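For reference, the chains in residue letters:
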Amino acid sequence: MIKIELIFERKSFHEKMKVLEVNDDIFHSRSSIKITEDSQSFHVYIEALDTVAMRASLGAFTRSLILTERMFNEVK
């Protein structure tokens, strides 16, 4: 099992991570993503059975973060 943790500053990412928490607790057959928060930051935990599944999960999360960023910047 491969595990990584991404940490995002709460002040800068609060709105974006709240949007992404809607897809929290996503479990696929080979990977899972979990988002937690504390007073200072958001923690994104990604677990995958292999490197291919990890790469796919990281790509999916990154695309979601980019789309959320664009949504907040372009849709007003």
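Residues numbered from 1 in each chain as written. Predicted model: local features only at pLDDT ≥ 70, side-chain atom pairs only at ≥ 80, totals over all residues. Heavy atoms only, no water.

S.K.: Tell me what's going on with helix 2 (residues 51-74), and back it up with residues and numbers.
M.R.: For helix 2, with 24 residues, the first-to-last C-alpha span of 34 Å sits near the 34 Å given by 1.5 Å per residue. Turning to helix 2, its buried residues are Ala-53, Met-54, Ser-57, Phe-61, Leu-65 and Thr-68. Check the buried side of helix 2 and you find it contacts strand 1 (2-9), helix 1 (10-20), strand 3 (31-37) and strand 4 (41-48). The distance from a side-chain oxygen at the start of helix 2 to the backbone nitrogen of Val-52 is 3.1 Å, and the residue carrying that oxygen is Asp-50. (Helix = DSSP H or I, 4+ residues; strand = E, 2+ residues; numbered from the N terminus. Expected span 1.5 Å × (residues − 1). Buried < 20%, exposed > 50% of the residue type's maximum accessible area, 1.4 Å probe, protein only. Contact = heavy atoms within 4.5 Å. Polar contact = N/O pair within 3.5 Å; in protein donor to acceptor, adjacent residues only side chain to side chain.)

S.K.: Can you tell me about the packing of aromatic side chains, naming the residues and giving the values?
M.R.: One pass over the full model with this rule turns up 2 aromatic pairs. Seen in terms of ring centroids, Phe-8 and Phe-13 are 4.9 Å apart; in terms of plane orientation they differ by 65°. Their pairing is edge-to-face. Ring geometry for Phe-8 and Phe-61: centres 6.0 Å apart, planes at 50°, overall tilted. On the criterion of sequence distance, the pair formed by Phe-8 in strand 1 and Phe-61 in helix 2 is long-range, its members being 53 residues apart. Comparing Phe-8 with Phe-61 shows no difference in burial state: the two are buried. By way of ring pairs, the aromatic residues Phe-8, Phe-13 and Phe-61 are connected into one cluster. Here the guanidinium or amino end of Lys-16 rests over the ring plane of Phe-13, the centre of that ring lying 5.9 Å away. (Phe/Tyr/Trp six-rings, centres within 6.5 Å; stacked < 30°, edge-to-face > 60°. Lys NZ or Arg CZ within 6 Å of the ring centre and 35° of its normal.)

S.K.: Account for the pairing of strand 4, naming residues and giving values.
M.R.: Extensive coverage of strand 4 is indicated by the burial of 6 of its 8 residues. For strand 1 and strand 4, the ladder comprises 8 bridges, and the chain directions are antiparallel. By the bridge assignment, Ile-7 is partnered in strand 4 with His-43. The pairing of strand 3 with strand 4 spans 7 bridges and is classified as antiparallel. Considered in strand 4, the bridge of Ile-33 is made with Ile-46. The antiparallel pairing of strand 3 with strand 4 creates a hairpin that spans 3 residues between the two strands. (Pairing = 2+ DSSP bridges.)

S.K.: Explain the pattern of salt bridges residue by residue, including any values.
M.R.: Evaluation of the coordinates by the stated rule reveals 4 salt bridges. Residue Glu-37 pairs with Arg-10 through a salt bridge whose shortest N-O separation is 2.3 Å. Within this pair, whereas Glu-37 is found in strand 3, its partner Arg-10 is found in helix 1, the two being separated by 27 residues in sequence. Glu-37 gets classed as partly exposed once you look at its relative accessible area, which sits at 32%. The shortest N-O distance in the salt bridge between Glu-74 and Arg-70 comes to 3.4 Å. In this pair, Glu-74 and Arg-70 are both assigned in helix 2, 4 residues apart and thus about one turn of the helix distant. The class of Arg-70 is partly exposed, set by a relative accessible area of 44%. (Salt bridge = Lys/Arg side-chain N within 4 Å of Asp/Glu carboxyl O.)

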